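So you can see what is in the structure, the chains are spelled out below.
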Amino acid sequence: MATTTVQEDFIAGIASKFRTCPATGLRIDLAAQRLIKANAVAAVVFLAVGGLFGLGVALTRWQAVHLLKAEWFYLVLTAHGLDVLLLWIIFFEMAVLYFASSILLNCRLAAPRMAWVAFGLMVVGGVLTNITVLQGDSSVMFTSYPPMMARPNFYLGLILFAVGALIGCLVFLGTLVIAKEEKTYEGSIPLVTFGALTACIIAIFTIASGAIILIPTWLWSLGYISNINTVMYKLVWWAMGHSSQQINVAAHVSIWYAIAAILLGAKPLSEKVSRTAFFLYILFLQIASAHHMLVEPGLSAEWKVFNTSYAMYLAVLGSLIHGMTVPGAIEAAQRQNGYTRGVFEWLRKAPWGNPAFAGMFLSLVMFGFLGGISGVVLGTEQINLMLHNTLYVPGHFHATVVAGTTLSFMAITYLLLPLIFQREVIWPGLAKWQPYLFGIGVMGISLFMMGAGTLGVSRRHWDIGFTDAAMGFKYPATAYLMLGLNGISAILASIGGAMFVVITVASVLWGKPVDKSNIVAALGPMPQRQMTSETAASGYGNAGTWHLPGTYILVTVFFGAFVLYYFVNWKYLSQLWPMG
Amino acid sequence: MALQPPAQRVWWNERVEKGELIWIGIAFLWGLVMFFMMVYWHINGRQNLSTAAFRIEPSTFEKRTEAFAKQFKAREEGTTGVPVAKPPANADVYMLARLWEWWPVLELEKGRTYRLHLSSMDWQHGWSLQPVNINIQVHPGVEHVLMITPTETGTFSVICNEFCGIGHHTMTGRIHVVEQGAGAAEPAAAPPSQTKR
């Protein structure tokens, strides 16, 4: 008698720690849900702050406006890089890791208390670094190349943040182990979780590299170490700095698959191919440090060629595969949904009014066409001579990290609001336009900065007019035009970004609560599903059952653009002064 | 669905559809093309960055650059007081980076090859030749030696494109490129025969 009550209490105790998702029937660990919320909220806060700094940078580069004084420009540029490239993205990735493990695997989160410690460390570290930068004397840019030195707390904040992120990764891995032990799923982990695992493994490599270089640099800033080798610093720092961008790639590719799955019912064309593509990331992405060392003295050409190409472009191969399999999965799903007419009906009739889909597809296209192609060109050993440290570099990575990663994170937020925050998106009419506005703005930022970079305009440079220089220099008028257009694009992107922040904050605070009755509607418009049952949906993914002419055309156009642009740059290079 | 475990438990034995295989093949081959393009350029291209680099004390490099500027000083650059060094063809040419200038100004002849030595006295700098658009990172304590051949005449600017503190945007230098033999006719230029040591 007594034992049964204890048992009932026990069961009731467990039940109170979970809720059942009205959309999927999955049990959701409330501890995981709280952590996802906290990390996502912190992410959005730093996005808002960092985005504002970014607007300041762009409006200063616009010579006609030239908003900030030089000291403030360099300070704000340092803070912009830290807040959006590091804090916004990694906080959001923590949310993605907890979602892809605990929620998707229907499992309790491992060590939620440790996850809160991780969150706390990340917040303290992020705030500390921000305060230090705003105090001045630490405008050393995101990269903080020695011998230029920041205040010790600049490095300390980054170290605390990284330790927190590392603990978050371990919680993710722990959750995978628990899910396996407790058999909360059958067979292999889902593809999205596999992608998140890829991100996590790269993150651990990244954080280890960061520790190896930032801890000595911190000790150096305190005076315990006399000298940091500048070439070595760059090599190891970029093993963190560039590899951390590969965390983003793995995370946002996973999100592409996830959004296509939720809204369209898409499944991978081939589990084997998509997983192999992720695995190529794990094997080869880490050596990208070389991308930043191509015009550096003291490294052999063999080392540069091998490393900059990720060992013969094997990691690029991974992205090229996803570049086909993601639209392919969408096309196959849409054809299953009944949009079979012509080559592109599946695309035309896609839910373009759903901000999650629009954001996801814009992210996919811009990451591939702008970020991917420019990245490979920029990372070609000899071509880098024309582009190193010009505005082409930020042009490239705004296409990858903002158009690619940030836009896809925004897109999935529109689904996390109903699924995790249990709130409807408060102004769907406004939300519909948000990804387009932000996307077009970012596209402009990327293109115009790349354009200015091609003309030789330096990055991280307050005054392209050289008004205070002893020996002046004039860039062509086109460069000024490019930077003006960049400023206008930045205003557009800022409006889009502000809309995102306002919509998400207002939805969380005042959005209509979501339950079983409105959960599907809360996910936004999605196409009618022809097939609902599992058996019908397994019709493709097996060989020979699908035809994807639209995807083939898209991929062919992409490949043509890639090859053309690649060789155009070699042509330009051949006109440079001969060097050897 | 990508959110659920694979529908087929043994997913690694699934046959991959032909279209997907073709694309993987094309992408892999394209990777090889891009890889060997870099190798090819090392063999047949004319724009490759030298890998000759040496450790050096900044003060030593400064002394060598000052000796070079003194030896080949042709005139001063406008009112800046910066010497313009006009070395003979195929000579060793020095340019140093420091907060916030490239020093000295060089005068080179079109079509001749020079051995250019670059290094920094303090922080990292970015040697960015404009509007030609050649960009090379410069480190303190490392002397980078590269062969360079100007192919057009005119006045070119060297700007700094690695952030180096509050005066970064004022850091400039110059390289004049003249026709072969043209420099000697200028009154201020020292004839090669006068060079000491």
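Here the structure is a predicted model, which means the values were calculated and not measured.

A. Just a nonpolar patch on the surface, in detail. Residue and element names in this part refer to chain A. Together, Val343, Val365, Phe369, Ile553 and Val557 make up an exposed nonpolar region whose accessible area comes to about 350 Å². Looking at the nonpolar patch, the elements with two or more residues in it are helix H13 (355-378) and helix H20 (549-574). Checked against the element boundaries, Ile553 lands in helix H20.

B. Layout of the nonpolar core. Judged by nonpolar contacts, the single largest core of 258 residues is most densely connected at Trp127 and Ile134 of chain B. Contact partners of Ile134 of chain B, with chain neighbours within four places excluded, come to Leu385, Leu576, Trp577 and Met579 of chain A together with Trp127, Ser128, Leu129 and Ile148 of chain B.

C. Fine view of the environment of Val84 of chain A. Residues and elements named next belong to chain A. Within the secondary structure, Val84 sits in helix H3 (residues 70-103). Residues Val84 and Thr406 lie 322 residues apart in sequence; the distance between their C-alpha atoms is 9.0 Å. With residues up to four places along the chain from it excluded, the contact list for Val84 reads Phe46, Leu47, Gly50, Gly51 and Ile89.

D. The arrangement of unusual backbone geometry in detail. Cis rather than trans, the peptide bond between Pro146 of chain A and Pro147 of chain A has omega equal to 5 degrees. Looking at where Pro147 of chain A falls in the secondary structure, it is placed in the loop between helix H4 (112-134) and helix H5 (152-181). Cis geometry is found at the peptide bond from Trp103 of chain B to Pro104 of chain B, where omega equals -5 degrees. Its place among the elements puts Pro104 of chain B in the loop between strand S5 (101-103) and strand S6 (105-109). Its identity is not glycine, yet Asn106 of chain A carries a phi of approximately 65 degrees, on the positive side. Within the fold, Asn106 of chain A resides in the loop between H3 and H4. The phi dihedral of Ala311 of chain A is positive, around 55 degrees, even though this residue is not glycine.

E. Broad picture of the pattern of salt bridges. Inspection of every chain in the model, using the stated rule, returns 18 salt bridges over all chains. Arg75 of chain B serves as the salt-bridge partner of Glu107 of chain B, at 2.8 Å between the closest nitrogen and oxygen. Of the two residues, Glu107 of chain B is situated in strand S6 and Arg75 of chain B in strand S2 (residues 73-76); the sequence distance between them amounts to 32 residues. The exposure class of Arg75 of chain B is partly exposed, given its relative accessible area of 23%. A single salt-bridge network, built from bridges that share partners, covers Arg341, Glu345 and Lys349 of chain A.

F. Summary view of the confidence of the model for chain B. All names here are of chain B. Looking at chain B as a whole, the pLDDT averages 91, with 92% of positions reaching at least 70. When the criterion is pLDDT under 50, residues 184-197 qualifies, and its contacts beyond four places in sequence or with other chains add up to 13 contacts. Scored as a whole, the predicted complex attains pTM 0.93, and scored at its interfaces, ipTM 0.91.

G. Spatial organisation of helix H7 (residues 230-241) of chain A. When the terminal C-alpha atoms of H7 of chain A are compared, their 15 Å separation across twelve residues agrees well with the 16 Å that a helix rising 1.5 Å per residue should span. Most of H7 of chain A sits inside the fold, with ten of its twelve residues counted as buried. What H7 of chain A keeps buried is the set Thr230, Val231, Tyr233, Lys234, Val236, Trp237, Trp238, Ala239, Met240 and Gly241 of chain A. Contacts made by the buried residues of H7 of chain A are with helix H6 (191-222) and helix H8 (243-264) of chain A together with strand S9 (134-138) and strand S10 (142-148) of chain B.

H. Structural context of the interface of chain B and chain A. Taken together, the contacts link 87 residues of chain B with 108 residues of chain A. Buried surface at the junction of chain B and chain A, both sides included, amounts to about 8600 Å², of which 68% is carbon and sulfur. Two residues, Arg9 of chain B and Glu186 of chain A, come together in a salt bridge whose shortest N-O distance is 3.6 Å. Between the two partners, chain B and chain A, sit 38 residue pairs in polar contact (both at pLDDT 80 or more). Among the elements of the structure, helix H1 (18-44), strand S1 (53-55), strand S8 (125-130), S9, S10, strand S11 (154-160) and strand S12 (172-178) of chain B are those that each provide at least two residues to the side of chain B that touches chain A. Per-element tally for the side of chain B that touches chain A: the top contributor is H1 of chain B, with 19 residues.

I. How the structure looks around H5 of chain A. Between the first and last C-alpha of H5 of chain A there are 44 Å, a value that for 30 residues agrees with the 44 Å anticipated at 1.5 Å per step. Positive backbone phi, approximately 50 degrees, marks Lys183 of chain A, located one or two places after H5 of chain A.

J. Spotlight on the pairing of S2 of chain B. All names here are of chain B. The sheet contact formed by S2 and strand S3 (residues 83-85) spans three bridges and is antiparallel. Directly across from Glu76, in S3, lies its bridge partner Pro83. The hairpin turn running from S2 into S3, its antiparallel successor, is six residues long, and Gly78 in that turn takes a positive phi close to 50 degrees.

K. Structural context of the packing of aromatic side chains. Counted by the stated rule, this structure contains 42 aromatic pairs over all chains. Ring geometry for Trp88 of chain A against Phe92 of chain A: centres 5.4 Å apart, planes inclined by 55 degrees, an arrangement best described as tilted. On the criterion of helical spacing, the pair formed by Trp88 of chain A and Phe92 of chain A is a turn pair, its members being four residues apart in helix H3. The two residues Trp88 of chain A and Phe92 of chain A agree in class, both being buried. A centroid spacing of 5.4 Å and a plane angle of 80 degrees characterise the contact between Trp352 of chain A and Phe361 of chain A, whose relative ring orientation is edge-to-face. On the basis of relative accessible area, Trp352 of chain A is assigned to the partly exposed category, the value being 27%. Grouped by ring-pair contacts, the aromatic residues Phe369, Phe558, Phe559, Phe562, Tyr566, Phe567 and Trp570 of chain A together with Trp23, Trp30 and Trp41 of chain B constitute a single cluster. Just above the ring of Phe18 of chain A sits the side chain of Arg27 of chain A; from NZ or CZ to the centre is 5.2 Å. In this arrangement the basic side chain of Arg275 of chain A is found over the ring face of Trp11 of chain B, its NZ or CZ atom lying 4.8 Å from the centre.

L. Broad picture of the side chain of Asn248 of chain A. Inspection of the secondary structure assignment puts Asn248 of chain A in helix H8. Among the residues examined, Asn248 of chain A registers a relative accessible area of 2% and is labelled buried.

Criteria and cut-off values
Residues numbered from 1 in each chain as written. Chains lettered and ligands numbered in written order. Predicted model: local features only at pLDDT ≥ 70, side-chain atom pairs only at ≥ 80, totals over all residues. Heavy atoms only, no water. Patch = residues over 30% accessible without salt bridge, like charges linked within 9 Å, V, L, I, M, F, W, Y side chains within 5 Å. Areas by Shrake-Rupley, 256 points an atom, 1.4 Å probe, with all protein chains shown as cover. Salt bridge = Lys/Arg side-chain N within 4 Å of Asp/Glu carboxyl O. Helix = DSSP H or I, 4+ residues; strand = E, 2+ residues; numbered from the N terminus. Core = buried A, V, L, I, M, F, W, Y, C linked by side-chain atoms within 4.5 Å. Buried < 20%, exposed > 50% of the residue type's maximum accessible area, 1.4 Å probe, protein only. Contact = heavy atoms within 4.5 Å. pLDDT = per-residue confidence, 0-100. Expected span 1.5 Å × (residues − 1). Buried area = accessible area lost by both parts, 1.4 Å probe. Polar contact = N/O pair within 3.5 Å; in protein donor to acceptor, adjacent residues only side chain to side chain. Pairing = 2+ DSSP bridges. Phe/Tyr/Trp six-rings, centres within 6.5 Å; stacked < 30°, edge-to-face > 60°. Lys NZ or Arg CZ within 6 Å of the ring centre and 35° of its normal.

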